[in-house]
Amino acid sequence: MSLLRLLGFGAEADAGAADRDADDTRTMRRIAAELEALPAARARYLAAFACILGRVAHADSSVSAEETAKMREIVQVLGHLPAVQAVLVVEIAKNQVRLFGGTENFLVSRRFKELSTAAQRIELLDCVFAVSAADESITVAEEGQARQISRELGLTHEEFVAARAGYVEHVEALKAFRRQQASAAEASGGSRRA
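A brief report on the enclosed structure follows. Please read all numbers here as calculations on a predicted model, not as lab measurements. (Residues numbered from 1 in each chain as written. Predicted model: local features only at pLDDT ≥ 70, side-chain atom pairs only at ≥ 80, totals over all residues. Heavy atoms only, no water.)

## Quick word on the overall build of the chain
Working step 1: Along the backbone of the chain there are 10 helices and zero strands.
Working step 2: Overall, the chain shows an N-to-C arrangement of helices and strands of α-α-α-α-α-α-α-α-α-α.
Working step 3: Out of the 194 residues in the chain, the part that is buried amounts to 41%.
Working step 4: Long-range pairs, those at least 24 residues apart, make up 70% of the contacts in the chain with a sequence separation of at least 6. (Helix = DSSP H or I, 4+ residues; strand = E, 2+ residues; numbered from the N terminus. Buried < 20%, exposed > 50% of the residue type's maximum accessible area, 1.4 Å probe, protein only. Contact = heavy atoms within 4.5 Å.)

Right, dumping it as structure tokens:
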């Protein structure tokens, strides 16, 4: 595969552009082009899915190795992709989110909502939390991004809470609260002994 094609240039990329849905973002089109062996609708679905995972991983302005590995695993398993292709999809998604995330985030979520069922949207939210928790820490920024994604996908607050419940031990805000409670309990226990 040529570097020009990988970057979305060249005759092959132009020829495929006519077949793509006009609502797909630049990032989705770029990833979908790498998935050309799949049916177009499935490639667009996986492209949007990977972009949203990249969005939450990058919410705190860095993507850890653990988050990247979890994204690859999810994309490979859910997409039924070979490992090499999953690596490529995730790397493109991460780079595109870094470059265009702020301008494409809502558009990708809206597109994913159009391409998916209610069950697939809930599955994606669970995967969003799995990526966030991959490094055993869900930062406030990541949780906020997950909440925003949930809203954009039209999920209810109850669905958001249910998805987060499986990863609550990694939520940094709750970890800080528990540490504060333990310190307060320890301090009150120590003052009683004095």
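## Overview of the nonpolar core
Working step 1: One finds Leu53 and Val128 to be the most contacted residues of the largest nonpolar core, which totals 45 residues.
Working step 2: Those elements giving two or more residues to this core turn out to be helix H3 (26-34), helix H4 (40-57), helix H5 (65-79), helix H6 (83-115), helix H7 (118-133), helix H8 (140-152) and helix H9 (157-165).
Working step 3: Among the elements that line this core, the one with the most residues is H4, at 12 residues.
Working step 4: Excluding anything up to four places from it in sequence, Leu53 contacts Met71, Ile74, Val75, Leu124, Cys127, Val128 and Val131. (Core = buried A, V, L, I, M, F, W, Y, C linked by side-chain atoms within 4.5 Å.)

## Points about the packing of H8 against H9
Working step 1: Taken N-terminus to C-terminus, the directions of H8 and H9 make an angle of 140°; their axes are 10 Å apart at the nearest point. Classified by the interaxial angle, the pair formed by H8 and H9 is oblique. Our pair here, H8 against H9, has a crossing hand that is right-handed. Counted together, Glu143, Ala146, Arg147 and Ser150 of H8 and His157, Phe160 and Arg164 of H9 form the full contact between these two elements. (Axes fitted to C-alpha atoms, helices over the stretch in contact; angles between N-to-C directions. Parallel < 35°, antiparallel > 145°, perpendicular 65-115°, else oblique. Left-handed = near helix turned anticlockwise from the far one by under 90°.)

## Quick word on the side chain of Glu142
Working step 1: Here Glu142 is to be found in helix H8.
Working step 2: When its relative accessible area of 0% is taken as the criterion, Glu142 is described as buried.
Working step 3: Within polar-contact distance, the side chain of Glu142 engages the backbone nitrogen of Thr139 at 2.9 Å.
Working step 4: Among all residues touching Glu142, those that are not within four sequence positions of it are Val56, Ala57, Ala59, Asp60, Glu67, Ser132 and Ser137. (Polar contact = N/O pair within 3.5 Å; in protein donor to acceptor, adjacent residues only side chain to side chain.)

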